[in-house]
Amino acid sequence: MSTSAIRKTRPLATDVAFHDDLLEFTLADGRVVGAPMEWFPRLRDATPEQLKNWKLIGPGVGVHWTELDEDISVESLLSV
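Keep in mind that this is a model prediction, so the values were computed, not measured. (Residues numbered from 1 in each chain as written. Predicted model: local features only at pLDDT ≥ 70, side-chain atom pairs only at ≥ 80, totals over all residues. Heavy atoms only, no water.)

Right, let's talk about the pairing of strand E5 (residues 62-65) for a bit. Residue alternation in E5 divides its side chains into two sets, Gly-62 and His-64 and Val-63 and Trp-65, and both sets are buried. Bridging between strand E4 (residues 55-57) and E5 involves 3 bridges; their strand directions are antiparallel. Residue pairing across strands places Ile-57 opposite Gly-62, the latter belonging to E5. A loop of 4 residues connects E4 with E5, the two strands running antiparallel in sequence, and Gly-58 in this loop sits at a positive phi of about 55°. (Buried < 20%, exposed > 50% of the residue type's maximum accessible area, 1.4 Å probe, protein only. Helix = DSSP H or I, 4+ residues; strand = E, 2+ residues; numbered from the N terminus. Pairing = 2+ DSSP bridges.)

What follows concerns the sheet that holds E4. Reading across from one edge, E4-E5-E6 is the order of the 3 strands in this open sheet, with antiparallel pairing throughout. At either margin of the open sheet sits one strand with a lone partner, and together these are E4 and strand E6 (70-73). Strand-to-strand twist across the sheet, computed as the mean angle between neighbouring axes with direction ignored, equals 30°. (Axes fitted to C-alpha atoms, helices over the stretch in contact; angles between N-to-C directions.)

Written out as structure tokens, the structure is:
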């Protein structure tokens, strides 16, 4: 009998959105997860232009805002 290892895939972000006082990540598997902007003062206090200037970390393990020096991982949003 053969057994195969179950491979756990890491949730990856594909997009970022802001709605009122909420930060949302869209994940590759279709889920949308979010958190209050109040939890991220640098983002909360940023201009709309600064918020738009983000990039994925690696394949989407998180999101980085260079100008704001802010990194948020998908795992951190899923753990709250």
